Amino acid sequence: MSAQADRKTENLPQWKQEEVADLETLIENYESVGIVGIAGIPSKQLQDMRRDLHGTAELRVSRNTLQVRALETAGLDDLVDDVEGQVGLIGTNDNPFALYKELEASKTPAPINEGEVAPNDIVIPEGDTGVDPGPFVGELQSIGANARIEDGSIQVMEDSTVLEAGGEVSADLANVLNELGIEPKEVGLDLRAVVAEGVLFDPEDLDIDIEAYESDVQTAAARARNLSLNAPFPTATTAPTLIAKATGEAKSLGLQAAIEDEDLMPDLVSKADAQLRALAAQIDDEEALPDELQDVSAPAAGAAGADDEGEDADESVDDQDAEADTDDDDDDDEDDGDGAEGLGAMFG
């Protein structure tokens with residue numbers, strides 16, 4: 001509290017000093033403090049709003065001069081300029097975005113009166129008004145609605161904008177809207193500004209699409225993960241995937257190089273068996289083959305089919321790494337040659 005603000009408060013009547021003290025207590029008790037407009041809200045509806053906020057936020061309405069005094073005493077000078085017209089102080093421990101969202105969601109449609117400014121374009125929708133033929137059709141036409149009598153009632157033939165945003169509502173327009181039950185404005189607490197942790201937020205800063213924001217965060221997280229994996233840059237999140245990838249690549253290399261490692265032997269034997277069977281299928285003389293290979297059918301496509309069968313066998317043992325699923329043609333030729341030499345040595 002500044003010395004100047006303290007002296008000003010001391011000069012106030014007792015009841016005003018107590019009111020300022022209550023406002024200061026509200027400011028001190030909450031992490032976020034803001035100014036809300038309450039103009040046009042009936043007293044009963046304001047009490048209902050105050051009750052609905054219980055447990056989430058606290059609203060206190062007081063004289064503007066006393067609110068300014070409390071804000072200056074608390075060092076929240078950034079909010080002073082927003083204390084204009086019919087306003088109140090609101091405090092909450094929620095973040096400003098959650099407060100703004102809650103206040104906007106609590107707003108309800110309300111009729112608009114003569115002399116008020118339209119908050120948005122006022123449109124009379126196309127369709128049956130439900131009003132019997134009579135002078136009302138002339139009232140609609142006088143405010144700019146495309147209306148006429150049809151099928152025994154007054155019809156609006158197309159959506160008709162009868163007042164643009166910022167225009168002043170006339171008595172005739174107010175009467176027509178009331179007759180049709182159109183409530184073109186929303187009534188609720190209008191958050192003008194809020195301070196949280198020393199940062200001032202305007203409504204424009206708080207009006208964000210939560211779903212779009214969450215989607216952007218998820219996309220950024222996915223891209224960061226991909227960058228970490230492709231760099232590679234290990235983190236607590238990506239280390240298991242990087243290790244699994246490295247393990248798969250090491251196994252693929254071991255199989256391609258035929259490294260006689262204990263962990264690779266089952267796969268190496270399976271691969272050699274598949275290559276041997278692929279080569280045996282190309283031999284016409286079954287008597288030249290051992291009994292267990294004599295029932296191997298020759299592929300319909302000839303040698304190319306044998307290559308494919310060998311590649312499929314390779315894929316079955318290399319399915320942990322998609323990039324190492326198949327051998328190239330040179331490797332197949334070399335493997336086939338090695339298989340032929342093996343058979344020659346076996347039966348020669």
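Just so you know, these numbers come straight off a predicted model, no measurement behind them.

Cut-offs used in this document
- Throughout, a residue's number is its position along its own chain's written sequence, starting from 1.
- Two thresholds apply to this predicted model, a pLDDT of at least 70 for residue-level local features and 80 or more for giving and counting side-chain atom pairs, whereas whole-chain, interface and lining totals are computed over all residues.
- Only hydrogens and water are set aside; all other atoms, that is, all heavy atoms of the structure, feed into the side-chain values.
- Per the convention used, a helix needs a DSSP run of H or I reaching at least four residues, while a strand needs a run of E reaching at least two, with both numbered from the N terminus.
- Only protein chains enter the accessibility calculation, which uses a 1.4 Å probe; a residue whose area is less than 20% of its type maximum is buried, one above 50% is exposed, and one in between is partly exposed.
- Note on definitions: a residue-residue contact is assigned when non-hydrogen atoms from the two residues lie within 4.5 Å.
- Using a 1.4 Å probe, the Shrake-Rupley method yields the accessible areas, and only the shown protein chains count as cover for residues.
- Joining through side-chain atoms within 4.5 Å is the link that ties buried Ala, Val, Leu, Ile, Met, Phe, Trp, Tyr and Cys residues into a set, and such a set is a nonpolar core.
- Helix span, expected: 1.5 Å multiplied by one less than the number of residues in the helix.
- Whenever two N or O atoms come within 3.5 Å, that pair is a polar contact, provided that in protein one can donate a hydrogen and the other can accept it, and provided that, for residues adjacent in sequence, both atoms are side-chain atoms.
- Note: two strands are recorded as paired if DSSP finds a minimum of 2 bridges between them.
- A residue's pLDDT is the predictor's confidence in that residue, given on a scale from 0 to 100.
- The patch calculation keeps residues exceeding 30% relative accessible area without a salt bridge and links them within 9 Å when they carry like charges or within 5 Å when they are nonpolar (Val, Leu, Ile, Met, Phe, Trp, Tyr).
- We define a salt bridge as a contact between a side-chain nitrogen of Lys or Arg and a carboxyl oxygen of Asp or Glu at a distance within 4 Å.
- His is not counted here, nor are the chain ends, while Lys and Arg score as positive and Asp and Glu score as negative.
- Each charge is placed at NZ for Lys, CZ for Arg, CG for Asp and CD for Glu.

1. Observations concerning the overall build of the chain
Part 1: From N to C terminus, the chain includes 13 helices and 12 strands.
Part 2: Within the chain, the proportion of its 348 residues that are buried is 34%.
Part 3: Contacts in the chain between residues at least 24 apart in sequence constitute 68% of all its contacts with a sequence separation of at least 6.
Part 4: Per element, the accessible surface of the chain, about 20,700 Å² overall, is 47% carbon and sulfur.

2. A few points about the nonpolar core
Part 1: Judged by nonpolar contacts, the single largest core of 21 residues is most densely connected at I122, I124, L140 and L173.
Part 2: Contributions of two or more residues to this core are made by β5 (122-124), α6 (136-142), β8 (153-156), β9 (160-163) and α7 (171-180).
Part 3: Of all the elements, α7 adds the most residues to this core, at four residues.
Part 4: Formed by 20 residues, the second largest nonpolar core is a distinct cluster that contains L46, L53, I90 and Y100.

3. A few points about helix α9 (residues 210-230)
Part 1: With 21 residues, α9 should cover 30 Å at 1.5 Å per step; its first-to-last C-alpha distance of 30 Å lies within 8% of that length.
Part 2: The N-cap residue of α9 is D209: its side-chain oxygen and the backbone nitrogen of E211 are 3.1 Å apart.

4. Notes on the environment of D202
Part 1: Within the secondary structure, D202 is located in the loop between β12 (199-201) and α8 (203-206).
Part 2: For D202, a relative accessible area of 32% gives the class partly exposed.
Part 3: Along the primary structure D202 and P96 are separated by 106 residues, whereas in three dimensions their C-alpha atoms are 9.6 Å apart.
Part 4: Apart from the residues lying within four places of it in its own chain, the contact partners of D202 are R192 and A193.

5. Looking at the sheet that holds β8
Part 1: Spatially, β6-β8-β7 is the arrangement adopted by the three strands of the open sheet, whose pairing is antiparallel. Two strands lie at the open edges of the sheet, namely β6 (127-128) and β7 (147-150), each paired on one side alone.
Part 2: Bridge count for β7 against β8 is four bridges, and the pairing is antiparallel. From the neighbouring strand, R148 faces β8, where its bridge partner is Q155.

6. Here we look at the confidence of the model for the chain
Part 1: Taken over all residues, the pLDDT of the chain has a mean of 81, while the share at 70 or more is 80%.
Part 2: This model gives residues 298-348 a pLDDT under 50, and the stretch forms 53 contacts once residues within four places in sequence are excluded.

7. Concerning a negative patch on the surface
Part 1: On the surface, E72, D77, D78, D81 and E84 cluster together to form a negatively charged patch.
Part 2: Here E84 lies in the loop between α4 (64-73) and β3 (87-92).

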